[in-house]
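# Fold and geometry: a report
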Amino acid sequence: MFHGSHYIGNEMSARFEQGETWTKVLGPVFVYLNSTSVVSNAYNLWLDAKKQRLNQESLWPYDFVNSQYYLTDKERGSVSGRLFVQDRFISSSLLPAKSAFIGLSAARTEGSWQLESKGYQFWVNTDSDGNFTIKNVVPGIYGLHGWIPGFVGDYLKQELITISQGSEIQMENITYAPPRDGPTIWEIGFADRTAQDYYVPDVNPMYVNKLFLNSPEKFRQYGLWDRYTDVNPKYDQVFTIGVSDPKKDWFFAHVDRRIGEKYVPTTWAIRFSLKSVTVGTYKLRLAIASATRSDLEVHVNEMNAEQLVFQVTNLGADNTVCRHGIHGLYRLFSADISSTLLVNGDNCIFLTQARGGDSLCGILYDYLRLEAPPT
């Protein structure tokens, strides 16, 4: 299961060439048991388990493991630095990358650390000033990866980093410039690689898991995909910029509609107004938190071939919908929208999950943004 495809799919499975030599330590594995006689305190067991996890992290790497392949802390190295983010449409100055995720991986391309499972990875969060120290790294050659809540895309330092036994590498300040062409016209959600900022319905009483009834992780209930039809019994979701609330009006998963015993494709609409159209190319950023067997199409103002601006088929194998999750494999797409497709006044972008006949296919959006032409 450490290298299984149960959740993300075969993309994450490690692949080996004929005669390839490979070694990796998996473990030790810590099993923690707790209990309560008061049912209403059940969720506290989950919180207690998380505290135990933090405690074990502070003890790692353990000193009791007797294996030539399990290195002690003295046989490992570290790297420190400070990460900034540069987005001139938010600030003219560099911004400290607060609470960013930054890590070392054998992956060599942006975002590919998500699928790299043959080598070791070492990750930390930056502090409020963007500082970080990645400790106890197994010697090797790594790419430095990262992503920052509130900003789309993945950071990758172009130069590789070599960690040796006992090394303490201090890097110069590094800067990430996220994808951006022009100023924001509108945005939906928050870029944190999850769909937790959207509307998660109440569970069908037939499938209720009492553990998560009063939990902030409301999505951890079975059968929530079928609630889309209950929430939108006749017509698909329509979201109006400046009026609708993502936490109330944007269903967390773009799934098929149930009609009788069949599941049919669905089209969501985003309505917005432009006082005037700027000649040039607008950019639609689509950050996907997860996708399972989906076909995504994006049209502008009319549902015809001429105004189809983006299309991707057979997207994802994350199984997030049926696994009661809120995120899976992160993907970022950008669609060009010619100003000739837009009009002064009311406009509409249509998002179609075009794969039908599958109750468990779907897309979980992380964040959507429409940018004006570059200035």
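To be clear, the structure that these remarks concern was listed above.
Right, let's walk through the structure included here.

Scoring rules and cut-offs
- Note that residues are indexed from 1 along each chain, following the sequence as it is written.
- The predicted nature of this model means local features are confined to residues of pLDDT at least 70 and side-chain atom pairs, given and counted, to a pLDDT of 80 or more, with totals for whole chains, interfaces and linings taken over all residues.
- Note that the side-chain values use all heavy atoms of the structure and ignore hydrogens as well as water.
- Patches in this entry comprise residues that are over 30% relatively accessible and not in a salt bridge; like charges within 9 Å are linked, as are nonpolar side chains (Val, Leu, Ile, Met, Phe, Trp, Tyr) within 5 Å.
- Each accessible area value is a Shrake-Rupley result obtained with a 1.4 Å probe; residue values ignore everything except the protein chains displayed when judging cover.
- By definition here, a salt bridge exists when the distance from a side-chain nitrogen of Lys or Arg to a carboxyl oxygen of Asp or Glu is within 4 Å.
- Secondary structure elements are taken from DSSP: a helix is a run of H or I of four residues or more, a strand is a run of E of two residues or more, and numbering for both begins at the N terminus.
- Here a cavity means grid points, on a 1 Å grid over the protein atoms only, where a 1.4 Å probe fits yet cannot get out; a pocket means an open set of points with protein on both sides within 12 Å along at least five of seven lines; lining residues are those with an atom within 4 Å of a point.
- Grid points are joined across faces, edges and corners, and a volume is the space filled by probe spheres set on the points.
- Residue polarity is assigned by list, with Asp, Glu, Lys and Arg as charged and Ala, Val, Leu, Ile, Met, Phe, Trp, Tyr, Cys and Pro as nonpolar; anything else, Gly included, falls into the polar class.
- Any pair of nitrogen or oxygen atoms within 3.5 Å is treated as a polar contact; in protein, a donor-acceptor pairing is required on top of that, and neighbouring residues in sequence qualify only through side-chain atoms on both sides.
- Contact definition: two residues touch when any of their heavy atoms are within 4.5 Å.
- Residues belong to one nonpolar core when they are buried, are Ala, Val, Leu, Ile, Met, Phe, Trp, Tyr or Cys, and are joined through side-chain atoms within 4.5 Å.
- Here's how the labels work: a residue is buried when its accessible area is under 20% of the maximum for its type, exposed when over 50%, partly exposed in between, all with a 1.4 Å probe on protein chains only.

## Brief notes about a nonpolar patch on the surface
On the surface, Phe 2, Leu 26, Val 29, Val 31 and Leu 33 cluster together into a nonpolar patch covering about 590 Å² of accessible area. On the secondary structure map, Phe 2 appears in the segment before helix H1 (42–59).

## Topic: the layout of surface pockets
In this structure, the second largest pocket occupies an estimated 240 Å³ of space. Lining the second largest pocket we find 16 residues, and of these Glu 110, Gly 153, Asp 154, Tyr 155 and Tyr 176 sit closest to its centre. Where the lining of the second largest pocket is concerned, the elements lending two or more residues are strand S7 (155–156), strand S10 (174–176) and strand S19 (331–338). Of the residues in the lining of the second largest pocket, the class split is eight nonpolar, five polar and three charged.

## A look at the side chain of Ser 290
The residue Ser 290 is located in strand S17 (residues 281–300) in this model. Polar contacts involving the side chain of Ser 290 include one to the side chain of Thr 320, which spans 2.6 Å. Apart from the residues within four sequence positions on either side, Ser 290 is in contact with Asp 318, Thr 320, His 327, Gly 328, Leu 329, Arg 331, Gly 362, Ile 363 and Leu 364.

## Concerning the nonpolar core
Among the nonpolar cores identified, the biggest contains 49 residues, and Trp 250, Ile 337, Ile 349, Leu 351 and Leu 368 are the most heavily contacted of them. Only strand S11 (184–189), strand S16 (266–274), S17, strand S18 (308–317), S19, strand S20 (345–353) and strand S21 (362–371) provide two or more residues apiece to this core. Setting aside residues up to four positions removed in sequence, Leu 368 forms contacts with Trp 186, Glu 187, Ile 188, Tyr 198, Trp 250, Ile 270, Arg 285, Leu 286 and Leu 351. Membership of the second largest hydrophobic core comes to 23 residues, among which are Leu 83, Ala 100, Val 138 and Ile 148.

## A short note on empty space enclosed by the protein
Under the defined criterion, the tally for this structure stands at one cavity of 30 Å³ or more. Roughly 50 Å³ of volume is contained in the largest cavity. Forming the boundary of the largest cavity are Phe 219, Gln 221, Gly 223, Leu 224, Trp 225, Phe 252, Thr 320, Val 321, His 324 and Gly 325.

What is shown is where atoms sit, not what they do.
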